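Commentary on secondary and tertiary structure
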Amino acid sequence: MSQSIHFSISSSRSPNLILPKHSYAKSTLPPSNCRFPVTFVRRPITASSSDLDSSPSQVLVSNNGKGGVSVATSSDYLTAATDSSSIEVDAVTEAELKENGFRSTRRTKLVCTIGPNSCGFEQLEALAVGGMNVARLNMCHGTREWHRSVIQSVRRLNEEKGFAVAIMMDTEGSEIHMGDLGGSQSAKAEDGEIWTFSVRAFDSSRPERTINVNYEGFAEDVQVEDELLVDGGMVRFEVIEKIGPDVKCRCTDPGLLLPRANLTFWRGGSLVRERNAMLPTISSKDWLDIDFGIAEGVDFIAISFVKSAEVINHLKSYIAARSRDSDIAVIAKIESIDSLKNLEEIILASDGAMVARGDLGAQIPLEQVPSAQQKIVQTCRQLNKPVIVASQLLESMIEYPTPTRAEVADVSEAVRQRSDALMLSGESAMGQFPDKALAVLRSVSLRIERWWREEKRHEAMELQDMGSSFSDSISEEICNSAAKMANNLEVDALFVYTKTGHMASLLSRCRPDCPIFAFTATTSLRRRLNLQWGLIPFRLSFTDDMESNLNKTFALLKARGMIKSGDLVIAVSDILQSIQVMNVP
Ligand SMILES: Nc1ncnc2c1ncn2[C@@H]1O[C@H](COP(=O)(O)OP(=O)(O)OP(=O)(O)O)[C@@H](O)[C@H]1O
Ligand SMILES: CC(=O)C(=O)O
Ligand SMILES: [K+]
Ligand SMILES: [Mg+2]
């Protein structure tokens, strides 16, 4: 299959099209109703690279080996003129766009873990209004019926109220954790107290100071004098005696024990990992949860304690064989030493990653977590995969209505690193102030993003070439150039017409100054794109004719008051690999 790039020449091309950089200022642009001349190529392009015309033009096209380009029918224009309901965008984003204009929309996406304090319909609605892009369900907790009811509520909210909240299911994973405390919300362990950790199942009443452990081999594996860490050190115990299946421990660091908290044990200052290495990443219970997720049509499945790319590939083929459109994205949670060792291969195999700082901080020294975060965020950006920074961002807000200064600084740093998304865990699941915590993430994101744009703090991140094929390389070059042009020309928005979402991700990867309007044909892709930095996903049916698509989009968006004549836009598409610059007519 031959690939080609073609710079088509417009007969009406403005001789001044490529202006010196300073004259790109908006004030020098043509009057608002003047659209830059745009050339549409309506035939397969066969020119070879040597035919490249180095003279400037507004359209950069390659046929990407896809053959002919179809021409829109007149009914497309009719639809555009009459049917303004045929474009769908999230109601919150629409309101934000109208209120603040293009440039001030939030770029960093927000994920909320749903739990007992956020699962009601009104509570979910408040989170959606507050900017929740993705609702996360942690399969460590709650029954499948409970999770199903949350999924149904979110779907109903989307349908009835015009939100586009995506659903992420997070697997339990097969690491060692405590039982569910017999229904109590928490238990307090005090310094010096003796607690029993046991694999025994307690049916109704849990004996005092006794904790159930989910892993059969627990009593065999631990040794006297081992240190037992709950939730990576929130509470610490020392093993003092083993009696059959019971392990007696003395509390050395007091604290709150939460249901199903993760357990790690340490010997001579290092994490005991042998047993974890033998446990499968995806347990039998996880597979059943995954079947449940596929049946319920979740948008993302996050896999806990990923060790290698293999498990991700396995899950992806499992999903492909079972899900109708295999349109569930797989997110690798980076929370173990092995996942750090195999970081690149894991991220490459996945559709995104999560910096799961909770468990990560239990496996590596805490002071190494920030640099690991930075590395994971950068690697994801290089490899064009969305990344979520998770855990303890606003931990104190579980109990208090305002965050600590340190928490605000931590959130700011994640935004400054330009991670795609920030996640609330306990803050939204069982905290007292889910909406307030979300509002803090939102306002800190907006503030840092604005500061970064106004001060022109573009970090020169050299984006390496990823393209595995020539066609991919063309897409990449187009998006890199379009993003650069968008910054230099100070355009109002980038438009991307994308069937697979790939070109939209590539634009997001460049972290341009302006928002990216991503037009896709399916609702499920629209929801998945919701996780990516700077993307405003729209559902729109479009054809292979870019002129028709643009006319239709302009008409629909103008009818909704989301753009106006004179706005400057750069449009790219993966239909025709093209870049076009224009004022909205
Ligand atoms: N569905 C739920 N039902 C009840 N409580 C929940 C639920 N989801 C979360 N929680 C509570 O919120 C806390 C924080 O949630 P989070 O999802 O971070 O879980 P976690 O147990 O810390 O494990 P993970 O490492 O998987 O994130 C949990 O410890 C639990 O107490
Ligand atoms: C989110 C998660 O799983 C963690 O931080 O451990
Ligand atoms: K989990
Ligand atoms: Mg975890």
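The protein carries the name Pyruvate kinase in an unreviewed UniProt entry, which gives Liquidambar formosana as its organism. One UniProt comment on the protein, placed under Subcellular location (unreviewed entry), says "Plastid, Chloroplast". As its UniProt record puts it under Sequence similarities (unreviewed entry), the protein is described as follows: "Belongs to the pyruvate kinase family."

1. Digging into the domain arrangement of the protein
Partitioning the protein into structural domains gives domain 1 (6-100 + 464-583), domain 2 (106-174 + 279-454) and domain 3 (181-275). With 29 residues of domain 1 in contact, the opposing surface of domain 2 contributes 34 residues. Buried area between domain 1 and domain 2, summed over both chains or domains, comes out near 2,700 Å², and the portion from carbon and sulfur atoms is 50%. Counting the surface domain 1 buries against domain 2, the share from its top three residues, Arg527, Leu531 and Trp533, is 29%.

2. Here we look at the coordination of the magnesium ion (ligand 4)
For a metal bound by four donors in a tetrahedral arrangement, the ideal donor-metal-donor angle is 109.5 degrees, while six donors in an octahedral arrangement ideally sit at 90 or 180 degrees. The coordination sphere of the magnesium ion (ligand 4), as far as protein atoms go, consists of Glu335 (OE) and Asp359 (OD), spread over 1.9 to 2.1 Å. In this structure the potassium ion (ligand 3) is found 5.2 Å away from the magnesium ion (ligand 4). Placement of the pair is glutamate 335 in the loop between strand 17 (329-334) and helix 9 (337-341) and aspartate 359 in helix 11 (residues 357-363), with a sequence separation of 24 residues. This pair shows no difference in class: glutamate 335 is buried, exactly as aspartate 359 is.

3. Considering the packing of helix 16 (residues 470-489) against helix 17 (residues 502-509)
One can describe the packing of helix 16 onto helix 17 by two numbers: an axis separation of 9 Å at closest approach and a directional angle of 45°. As the angle between them shows, helix 16 and helix 17 are arranged oblique. When you trace helix 16 past helix 17, the crossing you get is right-handed. Judged by residue contacts, Asp472, Ser475, Glu476, Ile478, Cys479, Asn480, Ala482 and Ala483 of helix 16 engage His502, Met503, Leu506, Leu507 and Arg509 from helix 17. Each residue belonging to the contact of helix 16 with helix 17 can be placed in one class, and the counts come to 7 nonpolar, 3 polar and 3 charged.

4. Let's talk about the packing of aromatic side chains
Under the criterion given, the structure shown has 12 aromatic pairs. With centroids separated by 5.1 Å and ring planes inclined at 70°, the aromatic side chains of phenylalanine 495 and phenylalanine 519 adopt a geometry described as edge-to-face. Here phenylalanine 519 lies in strand 22 (residues 516-520) and phenylalanine 495 lies in strand 21 (residues 493-497), a separation of 24 residues in the sequence. The exposure class of phenylalanine 495 is buried, given its relative accessible area of 0%. Given the relative accessible area of 0%, phenylalanine 519 is considered buried. Three or more aromatic residues link up through ring pairs in this structure, and these residues are Phe495, Tyr497, Phe517, Phe519, Phe538, Phe542 and Phe554.

5. So, the UniProt feature "domain: Pyruvate kinase C-terminal" (unreviewed entry) in the protein
Look at the UniProt record and you will see "domain: Pyruvate kinase C-terminal" (unreviewed entry) annotated at residues 476-574. As annotated, residues 476-574 comprises 43% helix and 23% strand, and the C-alpha atoms at either end are separated by 11 Å.

6. Describing the site of ligand 2
Surveying the vicinity of ligand 2 reveals the residues Arg136, Lys333, Glu335, Met354, Ala356, Arg357, Gly358, Asp359, Ser391 and Met423. With respect to ligand 2, the side chain of serine 391 contributes an N or O atom lying 2.4 Å from an oxygen atom. With the chains in place, 91% of the 220 Å² that ligand 2 exposes on its own is no longer accessible. Listing elements by their share of the shell around ligand 2, those giving two or more residues are strand 18 (352-356) and helix 11. Looking at the shell around ligand 2, the element that brings in the most residues is helix 11, giving 3 residues. Residues that form the shell around ligand 2 fall into these classes: 3 nonpolar, 2 polar and 5 charged.

7. A closer look at the confidence of the model for the protein
Mean pLDDT over the protein: 83, with 83% of residues reaching 70 or higher. The model gives residues 1-84 a pLDDT under 50, and that stretch makes 144 contacts with residues more than four places away or in other chains.

8. Quick word on unusual backbone geometry
One non-glycine residue, arginine 209, lies in the positive phi region at around 50°. Tracing the backbone through its elements, the reader meets arginine 209 in the loop between strand 8 (194-198) and strand 9 (210-212).

9. Some details on the site of ligand 1
By nearness alone, 14 residues border ligand 1, and Arg136, Asn138, His141, Asp359 and Ser425 come closest of all. Between ligand 1 and the protein, one listed contact pairs an oxygen atom with a side-chain N or O atom of arginine 136 at 2.7 Å. Asparagine 138 has a polar side-chain atom sitting 2.8 Å from an oxygen atom of ligand 1. Coverage of ligand 1 by the protein chains reaches 82% of its 600 Å² of free accessible surface. The set of elements that each furnish at least two residues to the shell around ligand 1 consists of strand 5 (134-138) and helix 14 (426-429). For the shell around ligand 1, the residue count by class is 6 nonpolar, 5 polar and 3 charged.

Procedures and definitions
- Residues numbered from 1 in each chain as written.
- Chains lettered and ligands numbered in written order.
- Predicted model: local features only at pLDDT ≥ 70, side-chain atom pairs only at ≥ 80, totals over all residues.
- Heavy atoms only, no water.
- UniProt positions renumbered as here; feature names shortened; annotations may be inferred.
- Domains from an automatic or database assignment.
- Contact = heavy atoms within 4.5 Å.
- Buried area = accessible area lost by both parts, 1.4 Å probe.
- Donors = N, O, S within 2.8 Å, 3.2 Å for Na, K, Ca; no water.
- Helix = DSSP H or I, 4+ residues; strand = E, 2+ residues; numbered from the N terminus.
- Buried < 20%, exposed > 50% of the residue type's maximum accessible area, 1.4 Å probe, protein only.
- Axes fitted to C-alpha atoms, helices over the stretch in contact; angles between N-to-C directions.
- Parallel < 35°, antiparallel > 145°, perpendicular 65-115°, else oblique.
- Left-handed = near helix turned anticlockwise from the far one by under 90°.
- Nonpolar A, V, L, I, M, F, W, Y, C, P; charged D, E, K, R; others polar.
- Phe/Tyr/Trp six-rings, centres within 6.5 Å; stacked < 30°, edge-to-face > 60°.
- Near = heavy atom within 4 Å.
- Polar contact = N/O pair within 3.5 Å; in protein donor to acceptor, adjacent residues only side chain to side chain.
- Areas by Shrake-Rupley, 256 points an atom, 1.4 Å probe, with all protein chains shown as cover.
- pLDDT = per-residue confidence, 0-100.

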